[in-house]
Amino acid sequence: MVNRIKELMTMTIEATKDKLNCRNRMNCFELFGYDFMISQQPDFHIWLIEANSNPCLEESSILL
(Lines give C-alpha, C1' and ligand atoms only; values in the text may rest on other atoms or scores of the structure.)
Protein backbone atom coordinates (compact mmCIF):
# COMPACT_ATOMS: atom_id res chain seq x y z
CA MET A 1 0.00 0.00 0.00
CA VAL A 2 2.82 2.40 0.82
CA ASN A 3 4.29 1.95 -2.66
CA ARG A 4 0.94 2.82 -4.28
CA ILE A 5 0.58 5.91 -2.08
CA LYS A 6 4.09 7.02 -3.09
CA GLU A 7 3.21 6.40 -6.74
CA LEU A 8 0.08 8.56 -6.50
CA MET A 9 1.98 11.34 -4.74
CA THR A 10 4.73 11.22 -7.37
CA MET A 11 2.14 11.50 -10.15
CA THR A 12 0.66 14.65 -8.61
CA ILE A 13 4.08 16.28 -8.26
CA GLU A 14 5.00 15.33 -11.84
CA ALA A 15 1.70 16.77 -13.10
CA THR A 16 2.30 20.12 -11.38
CA LYS A 17 6.10 20.42 -11.41
CA ASP A 18 6.01 23.33 -13.88
CA LYS A 19 3.91 25.32 -11.39
CA LEU A 20 6.05 24.47 -8.34
CA ASN A 21 8.82 26.91 -7.43
CA CYS A 22 8.14 28.98 -10.55
CA ARG A 23 10.43 31.73 -9.19
CA ASN A 24 13.35 29.28 -8.80
CA ARG A 25 13.92 30.11 -5.15
CA MET A 26 16.93 28.39 -3.62
CA ASN A 27 16.92 26.46 -0.33
CA CYS A 28 13.16 26.39 0.13
CA PHE A 29 10.45 23.75 0.48
CA GLU A 30 6.70 23.46 0.30
CA LEU A 31 4.50 21.35 2.51
CA PHE A 32 1.69 19.32 0.92
CA GLY A 33 -1.23 17.53 2.51
CA TYR A 34 -2.61 14.36 0.93
CA ASP A 35 -5.87 12.61 1.78
CA PHE A 36 -6.33 8.98 0.80
CA MET A 37 -9.14 6.48 1.16
CA ILE A 38 -8.42 2.73 1.23
CA SER A 39 -11.15 0.25 0.35
CA GLN A 40 -11.82 -2.87 2.37
CA GLN A 41 -10.58 -6.34 1.61
CA PRO A 42 -9.86 -8.10 -0.66
CA ASP A 43 -8.26 -5.49 -2.91
CA PHE A 44 -7.44 -2.57 -0.56
CA HIS A 45 -7.74 -0.15 -3.49
CA ILE A 46 -6.23 3.25 -2.68
CA TRP A 47 -8.04 6.40 -3.77
CA LEU A 48 -6.43 9.83 -3.73
CA ILE A 49 -9.15 12.13 -2.37
CA GLU A 50 -7.30 15.43 -2.56
CA ALA A 51 -3.90 17.07 -2.42
CA ASN A 52 -3.42 20.47 -0.78
CA SER A 53 -0.58 22.92 -0.88
CA ASN A 54 -0.04 24.76 2.38
CA PRO A 55 -2.32 22.52 4.50
CA CYS A 56 -3.66 23.84 7.79
CA LEU A 57 -1.74 22.30 10.68
CA GLU A 58 -3.80 23.86 13.45
CA GLU A 59 -5.68 21.76 15.94
CA SER A 60 -9.40 22.14 15.39
CA SER A 61 -10.43 21.31 18.94
CA ILE A 62 -8.97 20.71 22.38
CA LEU A 63 -9.46 16.97 21.87
CA LEU A 64 -6.85 16.92 19.09
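Structural data are supplied above this passage.
Before going into details, it helps to say that this report is about the structure given with it. The written sequence of each chain sets the order in which its residues are numbered from 1. Local features are withheld for residues below a pLDDT of 70 in this predicted model, meaning they are given only at 70 or higher, and side-chain atom pairs are given and counted only at 80 or more; totals for whole chains, interfaces and linings count all residues. Calculated side-chain values reflect all of the structure's heavy atoms, with hydrogen atoms and water omitted.

1. Topic: the state of the cysteines
Two cysteines whose sulfur atoms are joined by a covalent bond form what is called a disulfide.
1) Next: Counting rule for disulfides: a pair of cysteine sulfur atoms within 2.5 Å. Tallied over the entire structure, the rule returns 0 disulfides.
2) Next: Between cysteine 22, a cysteine without a disulfide, and cysteine 28, which holds the nearest cysteine sulfur, the sulfur-to-sulfur distance is 10 Å.
3) Next: Exposure categories follow from relative accessible area, calculated using a 1.4 Å probe and restricted to protein chains: below 20% of the type maximum is buried, above 50% is exposed, and the middle band is partly exposed. Accessibility expressed as a relative area gives 44% for cysteine 28, which makes it partly exposed.

2. Quick look at a nonpolar patch on the surface
1) Next: Residues Met1, Ile38 and Phe44 make up a contiguous nonpolar surface patch of roughly 290 Å² in combined accessible area.
2) Next: Under the DSSP-based scheme used, a helix requires at least four consecutive residues in state H or I and a strand at least two consecutive residues in state E, with every element numbered from the N terminus. Within the fold, isoleucine 38 resides in strand β1 (residues 32–38).
3) Next: Since its relative accessible area comes to 40%, isoleucine 38 is described here as partly exposed. For patch building, the residue pool is restricted to those with more than 30% relative accessible area and no salt bridge; the joining distance is 9 Å between like charges and 5 Å between nonpolar side chains (Val, Leu, Ile, Met, Phe, Trp, Tyr). Per-residue accessibility takes into account occlusion by the displayed protein chains alone, with areas from the Shrake-Rupley method and a 1.4 Å probe. The salt bridge criterion pairs a side-chain nitrogen of Lys or Arg with a carboxyl oxygen of Asp or Glu, the two atoms within 4 Å.

3. Observations concerning the layout of surface pockets
Take a probe with the size of a water molecule and roll it over the atoms, and the empty space left behind shows itself.
1) Next: Put simply, the largest pocket is a space of about 200 Å³.
2) Next: Cavity means a closed set of points on a 1 Å grid over the protein atoms alone, one where a 1.4 Å probe fits but cannot get out, pocket means an open set with protein on both sides within 12 Å along at least 5 of 7 lines, and lining means a residue has an atom within 4 Å of a point. Lining the largest pocket we find Lys19, Leu20, Asn21, Cys22, Arg23, Arg25, Cys28, Phe29 and Glu30.
3) Next: In this classification, the charged set is Asp, Glu, Lys and Arg, the nonpolar set is Ala, Val, Leu, Ile, Met, Phe, Trp, Tyr, Cys and Pro, and all remaining amino acids, among them Gly, are polar. Each residue belonging to the lining of the largest pocket can be placed in one class, and the counts come to 4 nonpolar, 1 polar and 4 charged. Grid points are joined across faces, edges and corners, and a volume is the space filled by probe spheres set on the points.

4. Considerations on unusual backbone geometry
1) Next: In this chain, glutamine 41 is followed by proline 42 through a cis amide linkage whose omega measures 10 degrees.
2) Next: Inspection of the secondary structure puts proline 42 in the loop between β1 and β2 (46–53).
3) Next: Unusually for a residue other than glycine, asparagine 21 sits at a positive phi of about 50 degrees.
4) Next: Residue position: asparagine 21 is located in the loop between α1 (2–16) and β1.
5) Next: Positive phi outside glycine occurs at phenylalanine 44, with the angle close to 50 degrees.
6) Next: On the secondary structure map, phenylalanine 44 appears in the loop between β1 and β2.
7) Next: Under the relative-accessibility criterion, phenylalanine 44 is labelled partly exposed at 37%.

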